[in-house]
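# Fold and contact review
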Amino acid sequence: MALKSMSYRSFSVLLAVYKEPTKSLKRTIYSIFSGQYFPKEVIIVVDNPDYDHGWVEVFCNNLDYDTVFKIIVNDTNIGLAESLNIGAALITQKYFARIDVGDICINERFKCQYDYLDNHDISIIGAQVVDATTGRVSSFPTTKFLSYCSSLVTSAMAHPTFFGRSIIFQIV
């Protein structure tokens, strides 16, 4: 039974695990539930058949959230991109969010991103990244033109900050 103060929204969180430490994954999952908006589903793709994934299922099943946790274990290591594609195919919610193991969401990340997409005619947005060790902020383009120019030479967004409409996976 989930706490009444929690506000679930129609979005999925997608992440992949390879060899990251247990405490890093736990910290990331806890941060997903630190804000005002909570995902209806979390999809975790384990891209290492030798990784002790049994604890992931036990941990997720014992959390007190009304969130569906989908845990997929690849038979072989296929890499991050392909693992995320497998997870993306399982998304059932209106929106999706990306995060990497070891990353921490700021409390209002999902609320800000969800509300922005709900009120604007765009498909995907990102966010700034703050290095927890140095405090350095990595900024990314904030206009369509600058995003286009940036994408010619590098990524216009940090992929673990993506928040977008799930329909884009059906189009691509």
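### Considerations on the sheet that holds strand S1 (residues 7-17)
Taking strand neighbours across the sheet as the criterion, the 6 strands line up as S3-S2-S1-S4-S8-S5 in an open arrangement whose pairing is mixed. The sheet is open, and its two borders are formed by strand S3 (68-73) and strand S5 (124-125), each paired with just one other strand.

### Remarks on the pairing of S3
Sheet analysis places strand S2 (residues 37-46) next to S3, joined by 6 bridges and oriented parallel. From the neighbouring strand, Ile 43 faces S3, where its bridge partner is Lys 70. At this point the chain moves from S2, through helix H2 (residues 54-61), to the parallel S3, and the crossover so formed is right-handed.

### Focus: helix H1 (residues 22-32)
Among the residues of H1, those classed as buried are Ser 24, Leu 25, Thr 28, Ile 29, Ser 31 and Ile 32. Take H1 and look down its axis: the buried residues cluster within an arc of 160°, on one side only. In this structure, the buried side of H1 is in contact with S1, S2, H2, S3 and helix H4 (109-118).

### Considering helix H3 (residues 80-88)
Taken as a whole, H3 has its buried residues at Ser 83, Leu 84, Gly 87 and Ala 88. In a view along the axis of H3, the buried residues occupy a sector of 140°, so they form one face of it.

### Considering the pattern of salt bridges
Scanning all chains against the criterion turns up 4 salt bridges. Note that Lys 94 and Asp 118 form a salt bridge whose closest N and O atoms lie 3.0 Å from each other. Of this pair, Lys 94 sits in the loop between H3 and strand S4 (95-98) while Asp 118 sits in helix H4, and the two are 24 residues apart along the sequence. We classify Lys 94 as partly exposed; its relative accessible area is 42%. Among the salt bridges present, the one from Lys 111 reaches Asp 115, with a minimum N-O distance of 2.9 Å. Of this pair, Lys 111 and Asp 115 both sit in helix H4, 4 residues apart, which is roughly one turn of the helix. Judged by its relative accessible area of 25%, Lys 111 is partly exposed.

Conventions used here
Numbering of residues starts from 1 in every chain and runs along the sequence as written. At least 70 in pLDDT is required for a residue's local features to be given in this predicted model, at least 80 for side-chain atom pairs to be given and counted, and no such filter applies to totals for whole chains, interfaces and linings, which use all residues. Water and hydrogen atoms were dropped before computing side-chain values, which therefore reflect all heavy atoms in the structure. When DSSP finds at least two bridges between two strands, those strands are taken to pair. Counting from the N terminus, the helices are DSSP H or I runs at least four residues long and the strands are E runs at least two residues long. Clockwise travel from the first strand over the helix to the second, with the strands pointing away from the viewer, marks a crossover as right-handed. Relative accessibility thresholds used throughout: buried, under 20% of the residue-type maximum; exposed, over 50%; partly exposed, between the two (1.4 Å probe, protein chains only). In this description, the arc belongs to the directions extending from the helix axis to the C-beta atoms. The criterion used for residue contact is that any of the two residues' heavy atoms lie within 4.5 Å. The term salt bridge refers to a side-chain nitrogen of Lys or Arg lying within 4 Å of a carboxyl oxygen of Asp or Glu.

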